[in-house]
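The residues making up each chain are set out below.
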Amino acid sequence: MTFQQIWLAASLVFATLPTAAQTATTPVVTLSPVHTIDVLDLPRYMGTWYEIAKFPNRFQRQCVANTRAQYLAQTDGSVQVLNSCVTVDGRTIDALGLAKQVGPATSPKLQVRFAPAWLSWLPMVWGDYWVIDLDADYRLAAVSDAKREYLWVLSRTPQVDALAYGALLERLKAQNFDVQKLERTVQTSATR
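For the structure given in this document, a descriptive report is provided here. (Residues numbered from 1 in each chain as written. Predicted model: local features only at pLDDT ≥ 70, side-chain atom pairs only at ≥ 80, totals over all residues. Heavy atoms only, no water.)

Of note, T87 is situated in strand 3 (residues 79-87). Given a relative accessible area of 5%, T87 falls into the buried group. If we ignore the near neighbours within four places in the chain, the residues touching T87 are Q62, V64 and I93. (Helix = DSSP H or I, 4+ residues; strand = E, 2+ residues; numbered from the N terminus. Buried < 20%, exposed > 50% of the residue type's maximum accessible area, 1.4 Å probe, protein only. Contact = heavy atoms within 4.5 Å.)

See the structure below:
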């Protein structure tokens, strides 16, 4: 073994020591499970919801304004989902999907897919859509997943009362969501 090879091997070992030591001494934080609302009245939930804020995600990178979702109950018990938003160049893009409740008819846990129907047998095309906060009037909601990777704040109107939004953020913090990651969504009056 040459001196350079020995030096490289020793450097790699020493470079990993601080990381290994830090990992060994850093306590593992286990968050409590995400809690959903108790009961979802799915027919009342149908209609248009405006995105007020979201955790940034890869599939909404193009969206810069007027993001909204329209939910329409289907005769088979599923829900048609039409998401739309405006891009930086002013185009409106749509994504048509399907949602289904997981569990009983009052379950706040849904799964949604935007992949083609012929791929619906694949588990990985379905994503969690858990209603984790919803006011009594079905006007302001928060939706997430089991791992807290995604978060959306939705409202029946393009603008939301600041006090109601602040109170919702406090409830989300109590569920260990990093609300600092939320990006507010631009909603203009020129929605289609």
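We now examine the nonpolar core. Membership of the largest hydrophobic core comes to 21 residues, with the highest contact counts inside it found for L40, Y45, Y71, Y129, L134 and L154. Contributing elements (two or more residues each) for this core: helix 2 (42-45), strand 2 (63-73), strand 3, strand 5 (109-113), strand 6 (127-134), strand 7 (140-144) and strand 8 (151-155). In terms of residue count, strand 6 provides more of this core than any other element does, three residues in total. When residues no more than four places from it in sequence are discounted, the contact partners of Y45 are L40, Y71, Y129, V131, L134, Y138, A141, V143, L154 and R156. With 18 residues, the next largest nonpolar core counts I52, V160, L172 and F177 among its residues. (Core = buried A, V, L, I, M, F, W, Y, C linked by side-chain atoms within 4.5 Å.)

This paragraph deals with the pairing of strand 8. Buried residues dominate strand 8, accounting for five of its five residues. Of the two faces of strand 8, the one holding L151, V153 and S155 and the one holding W152 and L154 are both buried throughout. Relative to strand 8, strand 1 (residues 47-54) runs antiparallel, the two being bridged by four bridges. Residue pairing across strands places Y50 opposite S155, the latter belonging to strand 8. Summarising the sheet, strand 7 and strand 8 pair through five bridges and their orientation is antiparallel. Bridging across to strand 8, L140 finds its partner in S155. Connecting strand 7 to the next strand, strand 8, in antiparallel fashion are six residues, including R148 with a positive phi near 65°. (Pairing = 2+ DSSP bridges.)

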